[in-house]
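Summary of the model geometry
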Amino acid sequence: MSTQLRGARPQAAIDVEGAGARVVLSGDWTLSVLNPRCVDIRRQLEAASGAPAWDLAGVSRLDSFGALLLWRAWGRRRPPQLVLPEALESVFGRLADLGDASLPVEPPYRFLDATAHLGRLLLGLVRHLGHFVVLVGQLLLDLLYLLRNREHWPVREMSANFYKVGVKAMPVTALVGFLIGVVMSYLSALQLRAFGADTFIVNILGLGIIRELGPVLVSVLVAGRSGSAMTAQLGVMRVTEEIDALTTMGVSRYVRLVLPKVVALTLAMPLLTLWGSSVAIFGGMVSAYVQLDMSFDYFLNALPRAVPVANLVIGLVKGAVFGLLIALVACHFGLRVKPNTESLSANTTASVVTSITVVILVDAVFAIVTRTIGLPYR
Amino acid sequence: MNAARNTLPVELKGLSTRFGSTWVHRNIDLAVPVGEVVALVGGSGTGKTTLLRQMVGLLRPAEGEVRLFGEPLFAGSRAEQLARRRRFGMLFQQGALFSALNVFANVAFPLREFGVSDEAMLRDLVLLKLAMVELGPEVALRMPAELSGGMIKRVALARALALEPELLLLDEPTAGLDPDRSAGFVRLIRALQKALGLTVVLVTHDLDTLAALATRVAVLSEGRILAFGPLDEIMTVQDPFIERFFHSERSQAALARGRSEI
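Residues numbered from 1 in each chain as written. Chains lettered and ligands numbered in written order. Predicted model: local features only at pLDDT ≥ 70, side-chain atom pairs only at ≥ 80, totals over all residues. Heavy atoms only, no water.

A look at the sheet that holds strand β2 (residues 22-29) of chain A
All names here are of chain A. The 4 strands are arranged β1-β2-β3-β4 in an open sheet whose pairing can be described as mixed. Pairing within the sheet leaves two strands with one partner each, and these edge strands are β1 (13-17) and β4 (81-83). If you compare each strand with its neighbour and ignore which way they point, the axes differ by 15° on average. Both β2 and strand β3 (residues 53-62) contribute to a ladder of 7 bridges, which runs parallel. (Pairing = 2+ DSSP bridges. Helix = DSSP H or I, 4+ residues; strand = E, 2+ residues; numbered from the N terminus. Axes fitted to C-alpha atoms, helices over the stretch in contact; angles between N-to-C directions.)

Let's talk about the pairing of β2(A)
Residues and elements named next belong to chain A. Of all 8 residues in β2, 6 are buried; the element is thus mostly enclosed. Where β1 meets β2, 5 bridges bridge the pair, whose relative direction is antiparallel. Its bridge partner being in β2, Ala-13 is matched across the sheet by Ser-26. Turn length for the β1-β2 hairpin, with the two strands adjacent in sequence and antiparallel, is 4 residues, and the turn residue Gly-18 shows positive phi of about 55°. (Buried < 20%, exposed > 50% of the residue type's maximum accessible area, 1.4 Å probe, protein only.)

So, helix α9 (residues 201-239) of chain A
At A:Ile209, α9(A) is deflected by roughly 55°, the largest bend along its length. Among the residues trailing α9(A), A:Glu241 stands out with phi positive, at a value near 65°. (Bend = angle between axes of the 7 residues up to and from the residue.)

A closer look at the sheet that holds strand β1 (residues 10-19) of chain B
Residues and elements named next belong to chain B. One open sheet holds the 4 strands; their spatial order is β2-β1-β4-β5, and the pairing between them is antiparallel. Strands at the two margins of the open sheet, each flanked by one partner only, are β2 (22-32) and β5 (71-72). As judged from the 5 bridges shared by β1 and strand β4 (residues 63-68), these two strands associate in the antiparallel manner. Within β4, the residue paired with Lys-13 across the bridge is Glu-65. Relative to β1, helix α2 (residues 48-55) is tilted by about 125°, and along the sheet it contacts β1, β2 and β4. (Contact = heavy atoms within 4.5 Å.)

Looking at the pairing of strand β7 (residues 167-171) of chain B
Residue and element names in this part refer to chain B. Most of β7 is tucked away: 5 of the 5 residues are buried. Because side chains alternate across β7, one face comprises the buried residues Leu-167, Leu-169 and Asp-171, and the other comprises Leu-168 and Leu-170, equally buried. Bridge analysis of β7 against strand β8 (residues 199-203) gives 5 bridges, and the strand direction is parallel. Looking at the pairing, Leu-168 lines up with Val-200 of β8. You can see the chain leave β7, run along helix α7 (residues 179-196) and come back into β8, and the turn it takes is right-handed. (Right-handed = clockwise from strand over helix to strand, strands pointing away.)

Section: the layout of surface pockets
Residues and elements named next belong to chain B. When its volume is computed, the second largest pocket comes out at roughly 650 Å³. For the lining of the second largest pocket, the secondary structure elements donating two or more residues are α3 (78-85), β6 (88-91), α4 (103-114) and α6 (149-160). Examining the composition of the lining of the second largest pocket, we find that 4 residues originate from one element, α4, more than from any other. The class makeup of the residues in the lining of the second largest pocket is 13 nonpolar, 1 polar and 4 charged. (1 Å grid on protein atoms, 1.4 Å probe; cavity = no way out; pocket = protein on both sides within 12 Å on 5 of 7 lines; lining within 4 Å. Points joined across faces, edges and corners; volume = space filled by probe spheres on them. Nonpolar A, V, L, I, M, F, W, Y, C, P; charged D, E, K, R; others polar.)

Details of the domain arrangement of chain A
Here the domain parsing of chain A yields domain 1 (2-98) and domain 2 (154-369). Computed over C-alpha atoms, the centres of domain 1 of chain A and domain 2 of chain A are 67 Å apart. (Domains from an automatic or database assignment.)

What about the packing of helix α5 (residues 89-98) of chain A against helix α5 (residues 119-132) of chain B?
One way to put it is that α5(A) packs onto α5(B) with a least axis distance of 10 Å and a crossing angle of 100°. When the interaxial angle is binned, α5(A) and α5(B) end up roughly perpendicular. Two secondary-structure elements touch here, α5(A) through A:Arg94, A:Leu95 and A:Leu98 and α5(B) through B:Asp124, B:Leu127, B:Leu128, B:Ala131 and B:Met132. In terms of residue class, the contact of α5(A) with α5(B) is made up of 6 nonpolar, no polar and 2 charged. (Parallel < 35°, antiparallel > 145°, perpendicular 65-115°, else oblique.)

A word on the side chain of B:Asp208
By secondary structure assignment, the location of B:Asp208 is in helix α8 (residues 207-213). Residues contacting B:Asp208, with those up to four places away along its chain left out, are B:Ala254, B:Arg257 and B:Gly258.

A closer look at the environment of A:Lys168
Assignment of secondary structure puts A:Lys168 in the loop between α7 (155-165) and α8 (170-195). Contacts of A:Lys168, omitting those with residues within four sequence positions, involve A:Tyr163 and A:Arg225.

What about empty space enclosed by the protein?
Residues and elements named next belong to chain A. With the rule as written, the count across this model stands at 2 cavities of 30 Å³ or more. Roughly 40 Å³ of volume is contained in the largest cavity. Together, Ile-180, Ile-209, Leu-213, Gly-214, Leu-217, Gly-276, Ser-277 and Ala-280 line the largest cavity. Looking at the lining of the largest cavity, the elements that each hand over two or more residues are α9 and α11 (253-292).

Quick word on the packing of aromatic side chains
Under the counting rule described, the total for this entry stands at 10 aromatic pairs over all chains. Residues A:Trp74 and A:Phe92 carry aromatic rings whose centres are separated by 5.3 Å and whose planes lie at 25° to one another, so their mutual orientation is stacked. In this pair, A:Trp74 sits in the loop between α4 (64-73) and β4 while A:Phe92 sits in helix α5, placing the two residues 18 residues apart along the sequence. The residues A:Trp74 and A:Phe92 share a single accessibility class, namely buried. The structure contains a cluster of three or more aromatic residues connected by ring pairs, namely A:Trp54, A:Trp71, A:Trp74 and A:Phe92. A cation over an aromatic ring shows up here: B:Arg60 above the ring of B:Phe74, its NZ or CZ 3.7 Å from the ring centre. Against the face of B:Phe98 rests B:Arg159, its NZ or CZ located 4.5 Å from the ring centre. (Phe/Tyr/Trp six-rings, centres within 6.5 Å; stacked < 30°, edge-to-face > 60°. Lys NZ or Arg CZ within 6 Å of the ring centre and 35° of its normal.)

Some words on the confidence of the model for chain B
Overall, the prediction assigns chain B a mean pLDDT of 85, with 97% of residues at 70 or greater. The weakest mean pLDDT in chain B belongs to helix α1 (residues 2-6) of chain B at 49; the strongest belongs to β8(B) at 91. (pLDDT = per-residue confidence, 0-100.)

What about the packing of helix α6 (residues 111-148) of chain A against helix α13 (residues 309-334) of chain A?
Residue and element names in this part refer to chain A. α13 packs onto α6 with a crossing angle of 115° between their chain directions and a minimal axis gap of 10 Å. Between α6 and α13, the interaxial angle falls into the category roughly perpendicular. Here α6 and α13 pass one another in a crossing that is right-handed. Listed contacts from α13 to His-128, His-131, Phe-132, Leu-135, Val-136 and Leu-139 of α6 are Leu-328, Val-329, His-332 and Phe-333. Here the contact of α6 with α13 is built from residues that sort into 7 nonpolar, 3 polar and no charged. (Left-handed = near helix turned anticlockwise from the far one by under 90°.)

So, the interface of chain B and chain A
Contacts between the two partners involve 35 residues from chain B, matched on the other side by 27 residues from chain A. Summed over both partners, the interface of chain B with chain A buries about 2,800 Å², with 66% contributed by carbon and sulfur atoms. Counting across the chain B and chain A interface gives 3 salt bridges. Across the pair B:Asp118 and A:Arg42 runs a salt bridge, and its minimum N-O distance is 3.3 Å. Our count for the contact surface shared by chain B and chain A stands at 6 residue pairs in polar contact (both at pLDDT 80 or more). Of all the elements, α5(B) adds the most residues to the side of chain B that touches chain A, at 10 residues. (Buried area = accessible area lost by both parts, 1.4 Å probe. Salt bridge = Lys/Arg side-chain N within 4 Å of Asp/Glu carboxyl O. Polar contact = N/O pair within 3.5 Å; in protein donor to acceptor, adjacent residues only side chain to side chain.)

Here it is, written out as structure tokens:
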């Protein structure tokens, strides 16, 4: 249609008469007609720009794009002799009113700006830590209040959150756990068989998964799945002023929104860890049966002997602590979202990255603190 | 020139809309002539905004057809549909500015999409559009989150006008503005409509706006167009809805206020 339309409309044309003294324009001078031929038209205008007399009587249509092209060719003022139909007067009037208006200039980037930028980053980090401490402190105060006022516990929200972050995360945790168990068992079996140390597969899988891999793996999954959802939900509620609405009704955002998420994830994570580790060990068992011909019976009997029960406790405690941290970080970033899409996406990304980093850092601390507990061969 | 000028910018033919099992519109016919400002009015839930969204193709009617500039809205190849879409602009109720882009980039967006790539030209065009909606260059680098409600509407209007459309659709143009700003915005739309020779279709609850802007009014009631014509003609139609909508004391005062602004 566009080609037909352009065919039906008279094309913009420039005729120079009297050896460059007079320029006659005709046809449509509109965006849709001019833009495809912009370079060509501008060259012709440039060549004719010195002419004192311009005749626009033949122009059938002129929009602000066409007018601007002419205005720039004339050097931002009317030429001495201009034939302009009455109908086109207003377009040039607006251009003349615009004058030499230009965009506000942003100051150039200088060396000191880099220092200032670094300083701002550092101050931003300090501010983040400050807000985080305020969040934790507020939650503790709210917990004290709730201990005295039992009827205000947000039990329904906790239950709903528990279902959302715990029960609904079970399938994906099982799938990933099973596959990791199979892969770990398969690779270890290849090595162990070369040394004739087949039975140690139980030690490797049991210790590795229950104490270390299970909690960390589930944390990474939950941070990506539930942590990001928490941040986004709080963020959207900030954008749509729902949190402000809650505050005006006298409902504390910490009690109603943050606390249920934190409590639910702290309770759900040890259970998810148990579930994920169990399925991972099951995957390892299946693989050991296929690769090393090791019966399920033998594996299950050897497991308690190879892995002292302290490891299970460490794994579950880690799960609870990681859950607490993920929920706190997610809520912290969710409450910092500003009402625009950019801020929402930036905070959701920051939430996931930060919670995974924090989980791995805290895991290292756990490894050092519990180094004397639950390891049979030292 | 006249052949193009005589085709109807918007034409609805036998249009019916259904949400679930309820019919919102039944067999609606409406023809919007060139250069007119047509206001769609009706009680809440009569599907005024739905009708507007169908005109721009955001919703598809269950039956019937929407024709823009003499052709069915969804006719032709992708390029032809795109060319048709560039002939109208829409102002959304909340402005719908892209919140990740600043004011300048918002207004420049449709121009860049169209293929205007010369930065100096683009800068002048955007500043011109902003000047048309009475905004100075100092707001150009602000983000939408830093603008007041009235400024958001103005920037959104500048963006809707960026490609020099022939047809402008306005969804509740004065909703959420205080009376003073609302009167100013109506004056601005009126001036631009006259200067650019636009055809305008608007949805409004606000009788001030209606009286000041509309050259024709379409009254939606019970799923059909109850009446279509100049405001004075509509006022004489005998109907309970029109009675309640236009003849209450509050309405009369608002209409008088709107008329005095013209």
